[in-house]
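Analysis of the macromolecular model
Next come the chains, spelled out residue by residue.
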Amino acid sequence: MDRNSCSYNKVVGIISGNGTGKTSLSECILYNSGAIDRLGTIESKNTVSDFTPLETKKGFSINSSLLHYKWKNFNINLIDCPGYMDFIGQTQSAIKVVDSVLMVIDAKTGIQAPTELPMELLSKESRPIFFILNKMDLENIDFSGLVEDIKKEYKLNLVPITIPVNSGEGFSRIVDIFQNQTYEYKDKNYSGSN
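To start, this report covers the structure provided alongside it. Keep in mind it's a predicted model, so treat the numbers as computed, not measured. (Residues numbered from 1 in each chain as written. Predicted model: local features only at pLDDT ≥ 70, side-chain atom pairs only at ≥ 80, totals over all residues. Heavy atoms only, no water.)

Pairing in this open sheet of five strands is mixed, and the strands run 2-3-1-4-5 from one edge to the other. Strands with a single pairing partner mark the edges of an open sheet, and in this sheet they are strand 2 (65–71) and strand 5 (129–134). Along the sheet, successive strands turn relative to each other by an average axial angle of 25°, direction set aside. In terms of strand pairing, strand 1 (residues 8–15) meets strand 3 (residues 74–80) through seven bridges, oriented parallel. Residue pairing in the sheet places Gly13 in a bridge with Ile79 of strand 3. Each of strand 1, strand 4 (100–106) and strand 5 touches helix 4 (residues 116–125); the most contacted strand, strand 4, lies at about 155° to it. Sheet strands in contact with helix 5 (residues 143–154) are strand 4 and strand 5, and its direction is about 145° off that of strand 5. (Pairing = 2+ DSSP bridges. Helix = DSSP H or I, 4+ residues; strand = E, 2+ residues; numbered from the N terminus. Axes fitted to C-alpha atoms, helices over the stretch in contact; angles between N-to-C directions. Contact = heavy atoms within 4.5 Å.)

Quick look at the structure:
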């Protein structure tokens, strides 16, 4: 069998406290992968993840949502977990089945209390964790300080793979260390340059 034609299956969990942007990130991933052709928003109440009447009414996730998309040779099942502690059982169940985790951190508020239990569970399950620092465009963001806080809080050997060129209201560019490329955000689109 030709290795290039193979598909590999992965299960990825998106986990964090409430209001960090997990569902919006999930929506962007689906849109950029081509799985959906319009980008829904929490405000418009039309995201793929928050589809139950109660979730659209409340404006936050109550249940874990299983989302599917393809990227290169991978079939990826993405689990968007609710952020409120009232629904932590959903996150605990997801941690048992995921191959890796995207831990979303609000760059303005930093590490939230609802992140503690999932991180404790993940330390026992030994799953790879990728931290995504969201909301870099808000005022008074300290990227380096937040990375150090995460390292210290969870005793992790955390290595950034993308670094913002600027932060705050002027945030518009990141550097991808692996690709040795800068990406600039303009009008809801990213453009890259070496």
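Anyway, onward from the coordinates.
A contiguous patch of negative charge, built from Glu116, Asp142, Asp149 and Glu153, is present on the exposed surface. For Glu153, the location among the structural elements is in helix 5. Using a relative accessible area of 42% as the deciding quantity, one classes Glu153 as partly exposed. (Patch = residues over 30% accessible without salt bridge, like charges linked within 9 Å, V, L, I, M, F, W, Y side chains within 5 Å. Areas by Shrake-Rupley, 256 points an atom, 1.4 Å probe, with all protein chains shown as cover. Salt bridge = Lys/Arg side-chain N within 4 Å of Asp/Glu carboxyl O. Lys, Arg positive; Asp, Glu negative; His and termini not counted. Charge placed at Lys NZ, Arg CZ, Asp CG, Glu CD. Buried < 20%, exposed > 50% of the residue type's maximum accessible area, 1.4 Å probe, protein only.)

Looking now at the pattern of salt bridges. Across all of its chains, the model carries four salt bridges by this definition. The salt bridge partner of Lys135 is Asp106, with a shortest N-O separation of 3.2 Å. In this pair, Lys135 is assigned in the loop between strand 5 and helix 5 and Asp106 in strand 4, connecting sequence segments 29 residues apart. Its relative accessible area of 7% is what places Asp106 among the buried residues. For the salt bridge of Glu148 with Lys151, the shortest nitrogen-to-oxygen distance reads 3.5 Å. With a gap of three residues between them, Glu148 and Lys151 both fall in helix 5, about one helical turn apart.

Our focus in this paragraph is the pairing of strand 4. Counting buried residues along strand 4, seven of its seven residues qualify, which places the element largely inside the surrounding structure. Relative to strand 4, strand 1 runs parallel, the two being bridged by four bridges. Across the sheet, residue Ile15 finds its bridge partner in strand 4, namely Met103. Relative to strand 5, strand 4 runs parallel, the two sharing six bridges. Within strand 5, the residue paired with Asp106 across the bridge is Asn134. The parallel pair strand 4 and strand 5, bridged by helix 4, forms a crossover whose chirality is right-handed. (Right-handed = clockwise from strand over helix to strand, strands pointing away.)

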